[in-house]
Amino acid sequence: MELTERFEDTIARDQRIEPRDWMPDAYRATMIRQIAQHAHSEIIGMQPEGNWITRAPSLRRKAILLAKVQDEAGHGMYLYSAAETLGADRTELTGKLISGRQKYSSIFNYPTLTFADVGVIGWLVDGAAICNQVPLCRSSYGPYARAMIRICKEESFHQRQGYELLLTMMRGTDAQRRMVQDATDRWWWPSLMMFGPPDGESPNTAQSMAWKIKRHTNDELRQRFVDMTVPQADALGVRLPDPDLRWNDRRGHYDFGAVDWSELKRVIGGAGPCNAQRVEHRRAAHEDGAWVREAALAYAAKHTEGAESAEPAAPREVA
Ligand code: FAQ
């Protein structure tokens, strides 16, 4: 069988493409692009919530938040490893992130103004991430699909902890309920934007669906998220900030209002409320970590001294 035929046959049979298999250059480039953007999102995604670790209202909430942010670092690490199986270099990927040549999710360019934002990020942002990522557990690239299984398990836990925090606040004072409503009002529309541009304006969807990298279109997943979230908002007692949101019996789905796509374009283009701050923070962390990378290199060199292969191990990126 020809290489291309074998690749297409593997995809058609719903089998996985593995690192040593032949794959078209464009498939490899698409996978590196998506996995790197996903990894960068997890790493940059530590910042909005990390902002509240020192100000968490109790030891219990601080421990939960620390664990969650640490999980996000772990997700970034699995994903960078998955990108490395395609021949990408982790240091180069970080370089592309901090120089603005690679993207990360628009959602992390919004500020976290109160502690209710921590709960709403768990509920809506992790909720949207799960909707998007559960189908990616069946993505055609093996290392990505397998990383996604563990990531999704952890994200579901994050979503539940966020929802539990909000339930607690809703049972509290009027001021706490107002904080939850205000955070919901600010995060609802950006959460819908996480799924990407509408299908008609999504240049990558058709090919990624054909290669079974993506299993659903952006609009299908956005609709699934709305349908899943409306009953959760009702149970919580918050109002979603969309006057056009209503059940459509004929479609069997919730109708919802028009998303402001110009805002998504602006935020992806670098002009969101926190873009500059997020990238600058990541750049500074990378520079501050240089001594750790140097120490790891020196340690590896020392341990290979005298060994048959004097090649020092490649340095590992430190988040
Ligand atoms: N933000 O043709 P499409 C998390 C870009 S979850 C920024 O539709 P595609 C967990 C897109 O990359 C968040 N850029 O692209 C967490 C493309 O750019 P390019 C991360 C966006 O790839 C929770 C261009 O626009 N999740 O981190 C966005 O087929 C809580 C055209 O778009 C993933 O990355 C956006 N919202 O579909 C952490 C999931 N939307 O390179 C902390 C994996 C689109 O062509 C706290 N990724 N773009 O110039 C995916 O499923 C897909 O890549 C999509 C985009 C659906 C994001």
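As the structure is a computational prediction, the values presented were derived from the model and not from experiment.

### Quick look at the site of the ligand
1) Next: Close to the ligand lie 34 residues; Q37, K103, S202, K214 and N218 are nearest.
2) Next: Separating an oxygen atom of the ligand from a side-chain N or O atom of K214 is a distance of 2.7 Å.
3) Next: For the ligand, whose free accessible area comes to 1100 Å², the fraction covered by protein is 90%.
4) Next: For the shell around the ligand, the secondary structure elements donating two or more residues are α2 (25-44), α4 (59-84), α6 (116-133) and α7 (142-170).
5) Next: Of all the elements, α2 adds the most residues to the shell around the ligand, at 6 residues.
6) Next: Taken together, the residues that form the shell around the ligand break down as 12 nonpolar, 13 polar and 9 charged.

### Quick word on the packing of α7 against helix α10 (residues 218-236)
1) Next: The interhelical angle for the contact between α7 and α10, taken along N-to-C directions, is 30°, at an axis separation of 10 Å. Between α7 and α10, the angle is such that the two are roughly parallel. Contacts from Q159, Y163, L166, L167 and M170 of α7 reach α10 at M228, Q232, A235 and L236.
2) Next: Here the residues of the contact of α7 with α10 are counted per class, giving 7 nonpolar, 2 polar and no charged.

### A closer look at the side chain of T205
1) Next: By the secondary structure assignment, T205 is in helix α9 (residues 205-210).
2) Next: For T205, a relative accessible area of 7% puts it in the buried group.
3) Next: Only 2.5 Å separates the side chain of T205 from the side chain of S202, close enough to count as a polar contact.
4) Next: Setting aside its immediate chain neighbours within four residues, T205 contacts K214, T217 and N218.

Analysis parameters
Residues numbered from 1 in each chain as written. Predicted model: local features only at pLDDT ≥ 70, side-chain atom pairs only at ≥ 80, totals over all residues. Heavy atoms only, no water. Near = heavy atom within 4 Å. Polar contact = N/O pair within 3.5 Å; in protein donor to acceptor, adjacent residues only side chain to side chain. Areas by Shrake-Rupley, 256 points an atom, 1.4 Å probe, with all protein chains shown as cover. Helix = DSSP H or I, 4+ residues; strand = E, 2+ residues; numbered from the N terminus. Nonpolar A, V, L, I, M, F, W, Y, C, P; charged D, E, K, R; others polar. Axes fitted to C-alpha atoms, helices over the stretch in contact; angles between N-to-C directions. Parallel < 35°, antiparallel > 145°, perpendicular 65-115°, else oblique. Contact = heavy atoms within 4.5 Å. Buried < 20%, exposed > 50% of the residue type's maximum accessible area, 1.4 Å probe, protein only.

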